[in-house]
Structures are given as structure tokens and as C-alpha cells.
Amino acid sequence: MASSGSLEKRSEEEDTGLDDVEELESEVNEMARKIMEYRSSLPELLKAGFASLLEARIPVVALPDKETGASDKDGALRNLEAEIDQETSEKIRLLKQKISSNAAAMPVVLKRMNECIARIEKLDSCKFTVNPVFKRKRNN
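Note that the coordinates shown come from a computational prediction; the quantities given were computed from them, not determined experimentally. (Residues numbered from 1 in each chain as written. Predicted model: local features only at pLDDT ≥ 70, side-chain atom pairs only at ≥ 80, totals over all residues. Heavy atoms only, no water.)

**Student:** Give a detailed account of the overall build of the protein, specifying residues and quantitative values.
**Tutor:** If you tally the helices and strands in the protein, you get two helices and zero strands. Relative to its 140 residues, the protein shows a buried fraction of 8%. By element, 58% of the accessible surface of the protein is carried by carbon and sulfur atoms, the whole surface being about 12,900 Å². (Helix = DSSP H or I, 4+ residues; strand = E, 2+ residues; numbered from the N terminus. Buried < 20%, exposed > 50% of the residue type's maximum accessible area, 1.4 Å probe, protein only. Areas by Shrake-Rupley, 256 points an atom, 1.4 Å probe, with all protein chains shown as cover.)

Listed below in C-alpha cells is the structure:
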């Protein structure tokens, strides 16, 4: 009868262990889903954020009209705004392209970085001596 009690304890422990594993698996799946959502929405969020920052920094200055020499604020502002709009829209478009290409390249960069880290750790685990010629003298 003592052995049946220990069997019951073991089965209860296994059940709790399985429940814990299932709970952890569901948490991992949820995290994976959130990461995928974040990766898909990050480039758009960055584009929108940088575009709004650039738009907020556009100065509005009244300049004299080149043709009449008068300081027609409305005409000067319209000319300036049109000029600024063309320049900034081109800059914003280029910036958006660069941001999206950089965000698209992130997984490749991350993979290469992890490979380099693994190689460095592999080299660190090797036991070898460095020739004193290649060691740097430290001046204190």
C-alpha cells in the first residue's frame, strides 16, 4: 500500500509538471505572436514617427517677394511653403525608403551578429597561448 501512495504522488507530480509545461508553451506561443506583430508593425511606426518629427521641424518664415520687392507675407509664405514642401517631401520619401530598407535588413544583421558572437565564444573557449609579440604593452 505504501508503494501505491508513492505512485499516486509521482503521477500527481507528473501531472503538475505537464501542466507547467503546457502553460509555459502557451506563454511562449503568445510571446512569439506578439513578436511577429511587433516586427510587422515596427517599420510603419518608425516611418510615421520620423515623418511627423520632420514635419514638425519645418520652419515658416515670411520673406520678401522676389518679383515685387515688397514684403507680401501671403505670397512669400505660399512660395516658401511650396518650395519647402517639394524639398521636404523628397527628403521624407528618401528617409522613409532608407528606414524601411534598414528595418527589412534587421533579421539578416541579427543573424550575422549571432553567428559572430557564437564564433567569439568558441574562440574564447579554446585554450591557446598568444605569442608575446602580438600582446600590447600597457602603460599605466
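**Student:** Can you explain a negative patch on the surface? Please cite residues and give values.
**Tutor:** Judged by side-chain charge, Glu14, Asp15, Asp19, Asp20, Glu22, Glu23, Glu25 and Glu27 come together as a negatively charged surface patch. Within the element layout of this structure, aspartate 20 appears in helix α1 (residues 2-56). (Patch = residues over 30% accessible without salt bridge, like charges linked within 9 Å, V, L, I, M, F, W, Y side chains within 5 Å. Salt bridge = Lys/Arg side-chain N within 4 Å of Asp/Glu carboxyl O. Lys, Arg positive; Asp, Glu negative; His and termini not counted. Charge placed at Lys NZ, Arg CZ, Asp CG, Glu CD.)

**Student:** Break down the pattern of salt bridges for me, citing the residues and quoting the values.
**Tutor:** The final tally for this structure, using the stated rule, is four salt bridges. Close ionic contact of glutamate 30 with arginine 33 constitutes a salt bridge, the shortest N to O distance being 2.3 Å. Of this pair, glutamate 30 and arginine 33 both sit in helix α1, separated by three residues, roughly a single helical turn. Judged by its relative accessible area of 33%, glutamate 30 falls in the partly exposed class. A relative accessible area of 39% means that arginine 33 is categorised as partly exposed. Ionic pairing is found between arginine 93 and glutamate 90, a salt bridge with its closest N-O pair at 2.6 Å.

**Student:** Lay out a nonpolar patch on the surface in plain terms, naming residues and giving numbers.
**Tutor:** A contiguous nonpolar surface patch, about 480 Å² in accessible area, is contributed by Phe128, Val130, Val133 and Phe134. Inspection of the secondary structure puts valine 133 in the segment after α2 (73-125).

**Student:** Explain the environment of proline 107 residue by residue, including any values.
**Tutor:** Looking at the secondary structure, you find proline 107 in helix α2. The exposure class assigned to proline 107 is partly exposed, which follows from its relative accessible area of 47%. Considered as a pair, proline 107 and arginine 39 are 68 residues apart in the sequence and their alpha carbons are 9.8 Å apart.

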